[in-house]
Amino acid sequence: MVEITTLSELTIDGKLSLGRSASSKDLFLYSTDELKAWFHTQRAANDAIMVGANTVRVDDPELTVRHVQGRNPLRVIPSSDGRLPPDCTLMNDGVPTLVAVSERATPEALAILESRDHIEVVVCGRDQVDLQALMALLDARGIRTMIAEGGSELLSSLFKADLVSRIIIKHIPVIAGAPDAPTYLNGTSMSLSRWRLEDWFIKGGIGVSVYRPLDA
Ligand SMILES: NC(=O)c1ccc[n+]([C@@H]2O[C@H](COP(=O)([O-])OP(=O)(O)OC[C@H]3O[C@@H](n4cnc5c(N)ncnc54)[C@H](OP(=O)(O)O)[C@@H]3O)[C@@H](O)[C@H]2O)c1
(Lines give C-alpha, C1' and ligand atoms only; values in the text may rest on other atoms or scores of the structure.)
Protein backbone atom coordinates (compact mmCIF):
# COMPACT_ATOMS: atom_id res chain seq x y z
CA MET A 1 0.00 0.00 0.00
CA VAL A 2 1.10 3.58 -0.58
CA GLU A 3 2.89 5.00 2.47
CA ILE A 4 1.30 8.40 3.15
CA THR A 5 3.06 11.17 5.04
CA THR A 6 1.00 14.21 5.92
CA LEU A 7 3.15 17.33 5.79
CA SER A 8 1.53 20.54 6.99
CA GLU A 9 2.35 24.00 8.22
CA LEU A 10 0.50 24.79 11.41
CA THR A 11 0.27 28.05 13.35
CA ILE A 12 0.62 28.15 17.14
CA ASP A 13 -3.18 28.23 17.39
CA GLY A 14 -3.55 25.13 15.20
CA LYS A 15 -4.59 26.82 11.95
CA LEU A 16 -3.68 25.82 8.40
CA SER A 17 -3.97 29.39 7.13
CA LEU A 18 -4.46 32.90 8.47
CA GLY A 19 -8.16 33.24 7.62
CA ARG A 20 -11.23 31.49 6.26
CA SER A 21 -10.47 31.90 2.58
CA ALA A 22 -6.82 32.85 2.97
CA SER A 23 -4.13 31.00 1.07
CA SER A 24 -1.73 28.94 3.13
CA LYS A 25 0.95 30.52 0.92
CA ASP A 26 0.69 33.49 3.34
CA LEU A 27 2.44 31.29 5.90
CA PHE A 28 5.53 31.22 3.65
CA LEU A 29 6.13 34.81 4.79
CA TYR A 30 7.06 33.37 8.19
CA SER A 31 9.10 30.52 6.76
CA THR A 32 12.79 30.58 5.87
CA ASP A 33 14.84 29.55 2.83
CA GLU A 34 16.40 26.68 4.78
CA LEU A 35 12.97 25.33 5.76
CA LYS A 36 11.67 25.72 2.20
CA ALA A 37 14.67 23.77 0.84
CA TRP A 38 14.09 21.00 3.39
CA PHE A 39 10.37 20.95 2.54
CA HIS A 40 11.05 20.59 -1.17
CA THR A 41 13.58 17.82 -0.46
CA GLN A 42 10.69 15.94 1.17
CA ARG A 43 8.56 16.49 -1.93
CA ALA A 44 11.33 15.23 -4.21
CA ALA A 45 11.78 12.09 -2.07
CA ASN A 46 8.18 10.99 -2.65
CA ASP A 47 6.54 9.39 -5.68
CA ALA A 48 3.34 11.46 -5.39
CA ILE A 49 1.94 14.56 -3.74
CA MET A 50 -1.72 15.19 -2.92
CA VAL A 51 -3.91 18.13 -1.86
CA GLY A 52 -7.69 18.40 -1.71
CA ALA A 53 -9.64 20.22 -4.41
CA ASN A 54 -10.38 23.17 -2.10
CA THR A 55 -6.68 23.77 -1.64
CA VAL A 56 -6.37 23.99 -5.43
CA ARG A 57 -9.25 26.50 -5.46
CA VAL A 58 -7.94 28.63 -2.57
CA ASP A 59 -4.14 28.38 -2.90
CA ASP A 60 -3.63 27.71 -6.62
CA PRO A 61 -0.51 25.66 -5.69
CA GLU A 62 2.23 24.41 -8.01
CA LEU A 63 3.08 21.27 -6.00
CA THR A 64 6.45 21.00 -7.72
CA VAL A 65 10.06 20.81 -6.51
CA ARG A 66 11.60 24.26 -6.82
CA HIS A 67 13.81 25.16 -3.87
CA VAL A 68 16.17 22.21 -4.45
CA GLN A 69 17.13 20.05 -7.42
CA GLY A 70 14.88 17.02 -7.69
CA ARG A 71 12.14 15.33 -9.62
CA ASN A 72 8.53 16.39 -9.31
CA PRO A 73 6.27 13.83 -7.65
CA LEU A 74 3.07 12.90 -9.48
CA ARG A 75 0.39 15.41 -8.45
CA VAL A 76 -2.81 13.75 -7.25
CA ILE A 77 -5.98 15.79 -6.67
CA PRO A 78 -9.17 14.20 -5.32
CA SER A 79 -12.13 16.23 -6.57
CA SER A 80 -15.44 14.42 -6.24
CA ASP A 81 -17.28 16.62 -8.71
CA GLY A 82 -14.20 17.31 -10.87
CA ARG A 83 -14.63 21.08 -10.65
CA LEU A 84 -11.15 22.60 -10.69
CA PRO A 85 -10.65 26.19 -11.87
CA PRO A 86 -9.75 26.00 -15.59
CA ASP A 87 -7.26 28.83 -15.18
CA CYS A 88 -5.41 27.41 -12.15
CA THR A 89 -1.71 26.56 -12.37
CA LEU A 90 -2.17 22.78 -12.19
CA MET A 91 -4.47 22.85 -15.19
CA ASN A 92 -2.07 24.83 -17.33
CA ASP A 93 1.57 24.12 -16.49
CA GLY A 94 1.98 20.78 -18.29
CA VAL A 95 3.24 18.91 -15.20
CA PRO A 96 1.75 15.37 -14.99
CA THR A 97 -1.30 15.35 -12.72
CA LEU A 98 -3.88 12.74 -11.83
CA VAL A 99 -7.34 14.01 -10.89
CA ALA A 100 -9.49 11.47 -9.07
CA VAL A 101 -13.22 12.12 -9.41
CA SER A 102 -16.34 10.29 -8.22
CA GLU A 103 -19.26 9.11 -10.33
CA ARG A 104 -21.02 12.42 -9.70
CA ALA A 105 -18.50 14.41 -11.77
CA THR A 106 -20.40 16.11 -14.57
CA PRO A 107 -19.59 15.60 -18.28
CA GLU A 108 -18.77 19.34 -18.47
CA ALA A 109 -16.22 19.11 -15.65
CA LEU A 110 -14.71 15.96 -17.17
CA ALA A 111 -14.47 17.60 -20.60
CA ILE A 112 -12.46 20.50 -19.15
CA LEU A 113 -10.09 18.15 -17.32
CA GLU A 114 -9.66 15.88 -20.32
CA SER A 115 -8.89 18.79 -22.62
CA ARG A 116 -5.47 19.03 -20.93
CA ASP A 117 -2.85 16.53 -22.20
CA HIS A 118 -0.96 16.42 -18.90
CA ILE A 119 -4.05 15.58 -16.84
CA GLU A 120 -5.30 12.05 -16.36
CA VAL A 121 -8.74 11.49 -14.87
CA VAL A 122 -9.65 8.37 -12.89
CA VAL A 123 -13.05 7.58 -11.38
CA CYS A 124 -12.89 6.26 -7.80
CA GLY A 125 -16.05 6.17 -5.70
CA ARG A 126 -19.74 7.03 -6.06
CA ASP A 127 -20.44 10.32 -4.23
CA GLN A 128 -17.01 11.16 -2.91
CA VAL A 129 -13.57 10.06 -4.00
CA ASP A 130 -12.86 6.72 -2.31
CA LEU A 131 -9.34 7.32 -0.99
CA GLN A 132 -8.70 3.64 -0.27
CA ALA A 133 -9.58 2.71 -3.85
CA LEU A 134 -7.44 5.58 -5.11
CA MET A 135 -4.45 4.34 -3.09
CA ALA A 136 -4.94 0.80 -4.44
CA LEU A 137 -4.93 2.21 -7.98
CA LEU A 138 -1.76 4.21 -7.33
CA ASP A 139 -0.09 1.23 -5.65
CA ALA A 140 -0.80 -0.88 -8.74
CA ARG A 141 1.02 1.77 -10.77
CA GLY A 142 4.12 1.56 -8.61
CA ILE A 143 3.53 4.61 -6.41
CA ARG A 144 5.05 3.69 -3.05
CA THR A 145 5.24 6.98 -1.16
CA MET A 146 3.05 10.06 -1.08
CA ILE A 147 3.01 13.39 0.70
CA ALA A 148 -0.43 14.76 1.57
CA GLU A 149 -0.24 18.46 2.32
CA GLY A 150 -3.86 19.22 3.21
CA GLY A 151 -6.25 20.88 3.75
CA SER A 152 -8.40 19.98 6.74
CA GLU A 153 -11.04 18.00 4.88
CA LEU A 154 -8.59 15.79 3.04
CA LEU A 155 -6.41 15.24 6.12
CA SER A 156 -9.49 14.29 8.16
CA SER A 157 -10.59 11.77 5.53
CA LEU A 158 -7.11 10.24 5.42
CA PHE A 159 -6.96 9.85 9.21
CA LYS A 160 -10.50 8.47 9.33
CA ALA A 161 -9.60 5.89 6.69
CA ASP A 162 -6.46 4.99 8.68
CA LEU A 163 -4.25 5.71 5.67
CA VAL A 164 -1.57 7.86 7.34
CA SER A 165 1.83 6.31 8.20
CA ARG A 166 3.66 9.44 9.27
CA ILE A 167 2.76 12.97 10.32
CA ILE A 168 5.12 15.90 9.81
CA ILE A 169 4.21 19.31 11.18
CA LYS A 170 6.11 22.53 10.57
CA HIS A 171 5.30 24.74 13.54
CA ILE A 172 5.00 28.25 12.13
CA PRO A 173 5.61 30.69 15.00
CA VAL A 174 2.57 32.93 14.53
CA ILE A 175 -0.89 33.05 16.07
CA ALA A 176 -3.45 33.46 13.30
CA GLY A 177 -6.12 34.67 15.71
CA ALA A 178 -8.87 34.11 13.13
CA PRO A 179 -11.53 31.82 14.60
CA ASP A 180 -12.82 30.80 11.19
CA ALA A 181 -9.42 29.89 9.69
CA PRO A 182 -9.21 26.18 8.85
CA THR A 183 -7.89 24.01 11.66
CA TYR A 184 -5.60 21.02 11.16
CA LEU A 185 -8.60 18.64 11.14
CA ASN A 186 -12.11 19.66 10.19
CA GLY A 187 -13.99 18.68 13.34
CA THR A 188 -15.66 15.49 12.11
CA SER A 189 -15.53 12.85 14.80
CA MET A 190 -12.97 10.10 14.57
CA SER A 191 -11.66 7.52 16.98
CA LEU A 192 -8.74 8.23 19.28
CA SER A 193 -5.37 7.38 17.80
CA ARG A 194 -2.02 7.57 19.56
CA TRP A 195 1.19 8.68 17.91
CA ARG A 196 4.85 8.42 18.88
CA LEU A 197 7.19 11.39 18.45
CA GLU A 198 9.84 9.92 16.16
CA ASP A 199 11.91 13.04 15.61
CA TRP A 200 11.89 16.77 16.20
CA PHE A 201 14.33 19.41 15.11
CA ILE A 202 14.71 23.08 14.24
CA LYS A 203 15.15 23.79 10.53
CA GLY A 204 15.89 27.36 9.53
CA GLY A 205 14.55 28.59 12.87
CA ILE A 206 11.25 26.69 12.59
CA GLY A 207 10.32 23.66 14.71
CA VAL A 208 9.50 20.46 12.88
CA SER A 209 7.98 17.37 14.50
CA VAL A 210 7.60 13.90 13.05
CA TYR A 211 5.16 11.31 14.39
CA ARG A 212 4.50 7.62 13.67
CA PRO A 213 1.56 5.55 14.92
CA LEU A 214 2.38 4.37 18.46
CA ASP A 215 2.33 0.73 17.44
CA ALA A 216 4.42 1.14 14.25
N1 LIG B 1 -0.87 24.92 6.08
C2 LIG B 1 -0.81 23.92 5.24
O3 LIG B 1 0.11 23.10 5.30
C4 LIG B 1 -1.91 23.75 4.22
C5 LIG B 1 -1.77 22.82 3.20
C6 LIG B 1 -2.81 22.68 2.29
C7 LIG B 1 -3.95 23.46 2.40
N8 LIG B 1 -4.06 24.37 3.39
C9 LIG B 1 -5.26 25.21 3.54
O10 LIG B 1 -6.39 24.36 3.73
C11 LIG B 1 -7.55 25.06 3.25
C12 LIG B 1 -8.37 24.14 2.39
O13 LIG B 1 -8.80 23.05 3.18
P14 LIG B 1 -10.26 22.43 3.05
O15 LIG B 1 -10.49 21.56 4.22
O16 LIG B 1 -11.23 23.53 2.77
O17 LIG B 1 -10.20 21.60 1.70
P18 LIG B 1 -9.24 20.46 1.14
O19 LIG B 1 -9.03 19.41 2.17
O20 LIG B 1 -8.06 21.07 0.49
O21 LIG B 1 -10.14 19.87 -0.04
C22 LIG B 1 -11.35 19.21 0.28
C23 LIG B 1 -12.04 18.86 -1.02
O24 LIG B 1 -11.39 17.77 -1.66
C25 LIG B 1 -12.34 17.03 -2.39
N26 LIG B 1 -12.41 15.65 -1.96
C27 LIG B 1 -12.70 14.63 -2.81
N28 LIG B 1 -12.71 13.48 -2.16
C29 LIG B 1 -12.44 13.74 -0.88
C30 LIG B 1 -12.34 12.90 0.27
N31 LIG B 1 -12.51 11.58 0.20
N32 LIG B 1 -12.07 13.49 1.45
C33 LIG B 1 -11.88 14.82 1.52
N34 LIG B 1 -11.96 15.67 0.47
C35 LIG B 1 -12.24 15.12 -0.73
C36 LIG B 1 -13.70 17.69 -2.14
O37 LIG B 1 -13.87 18.68 -3.16
P38 LIG B 1 -14.93 18.58 -4.37
O39 LIG B 1 -15.82 19.71 -4.13
O40 LIG B 1 -14.18 18.75 -5.62
O41 LIG B 1 -15.60 17.28 -4.28
C42 LIG B 1 -13.47 18.39 -0.83
O43 LIG B 1 -14.36 19.45 -0.61
C44 LIG B 1 -7.06 26.28 2.50
O45 LIG B 1 -7.26 27.41 3.31
C46 LIG B 1 -5.58 26.02 2.33
O47 LIG B 1 -4.88 27.23 2.32
C48 LIG B 1 -3.06 24.54 4.30
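Going by the structure above, here's the rest.
Computed from a predicted structure; not experimentally measured.

Turning to the overall build of the protein chain, a few remarks are in order. Within the protein chain one finds 6 helices and 9 strands. For the protein chain, whose C-alpha radius of gyration is 17 Å, the value lies close to the compact-globule estimate of 17 Å for 216 residues. If you line up the protein chain on its principal axes, its C-alpha atoms span 45 × 35 × 35 Å. Across the protein chain, every contact between residues at least 6 apart in sequence was considered, and the portion connecting residues at least 24 apart equals 71%.

Along helix α6 (residues 152-160), the residues classified as buried are S152, L154, L155, S157 and L158. Summarising the contacts, the buried residues of α6 are in contact with β1 (3-11), β2 (48-51), β3 (74-78), α5 (131-140), β6 (145-150) and β7 (164-172). Where α6 terminates, the next one or two residues include D162, which has phi positive at roughly 60°.

Taken together, 31 residues form the shell around the ligand, and within it G52, N54, S80, G150 and G151 come nearest. Of all elements in the fold, only β1, α2 (53-59), β6 and α6 reach the threshold of two or more residues within the shell around the ligand. For the shell around the ligand, the element with the highest residue contribution is α2, accounting for 5 residues. Broken down by class, the residue content of the shell around the ligand amounts to 10 nonpolar, 15 polar and 6 charged.

Taken residue by residue, a regular strand's side chains alternate between the two faces of the sheet. Counting buried positions along β3 yields 5 of 5 residues, so the element is predominantly enclosed. Bridge analysis of β2 against β3 gives 3 bridges, and the strand direction is parallel. Opposite M50, over in β3, you have V76 as the bridge partner. Between the parallel pair β2 and β3, the chain is carried across by α2, and the sense of this crossover is right-handed. Sheet analysis places β3 next to strand β4 (residues 97-101), joined by 4 bridges and oriented parallel. Looking at β4, one finds that P78 is bridged to A100.

Another aspect to go through is the environment of I172. Position of I172 among the secondary structure elements: in strand β7. Separated by 162 residues in sequence, I172 and L10 have C-alpha atoms that sit 5.7 Å apart.

What follows covers the nonpolar core. Counting 37 residues, the largest nonpolar core has V76, I77, L84, V99, A100, M146 and A148 as the members making the most contacts within it. When residues no more than four places from it in sequence are discounted, the contact partners of A148 are I4, T6, M50, L154, L155 and L158. Grouped together as the second largest cluster of nonpolar side chains are 5 residues, L27, L35, F39 and I206 included.

This paragraph deals with the sheet that holds β6. One open sheet accounts for 9 strands, arranged β5-β4-β3-β2-β6-β1-β7-β9-β8; its pairing is mixed. Sheet topology places β5 (119-123) and β8 (195-203) at the edges, where each strand pairs with a single neighbour. Neighbour to neighbour, the strand axes of the sheet diverge by 20° on average, direction disregarded. Sheet analysis places β2 next to β6, joined by 4 bridges and oriented parallel. Bridging across to β6, M50 finds its partner in A148.

Attention now moves to α5. For α5, the set of buried residues is L131, L134, M135 and L138. Seen along its axis, α5 keeps its buried residues to an arc of 100°; they face one direction. Check the buried side of α5 and you find it contacts β2, β3, β4 and α6. At the C-terminal side of α5, G142 shows a positive phi close to 90°.

How each quantity is defined
- Residues numbered from 1 in each chain as written.
- Predicted model: local features only at pLDDT ≥ 70, side-chain atom pairs only at ≥ 80, totals over all residues.
- Helix = DSSP H or I, 4+ residues; strand = E, 2+ residues; numbered from the N terminus.
- Rg over C-alpha atoms; globule rule 2.2 N^0.38 Å.
- Contact = placed C-beta atoms within 7 Å.
- Buried ≥ 20, exposed ≤ 12 C-beta atoms within 10 Å, placed from the backbone.
- Near = placed C-beta within 6 Å.
- Nonpolar A, V, L, I, M, F, W, Y, C, P; charged D, E, K, R; others polar.
- Pairing = 2+ DSSP bridges.
- Right-handed = clockwise from strand over helix to strand, strands pointing away.
- Core = buried A, V, L, I, M, F, W, Y, C linked by C-beta atoms within 7 Å.
- Axes fitted to C-alpha atoms, helices over the stretch in contact; angles between N-to-C directions.
- Arc of directions from axis to C-beta.

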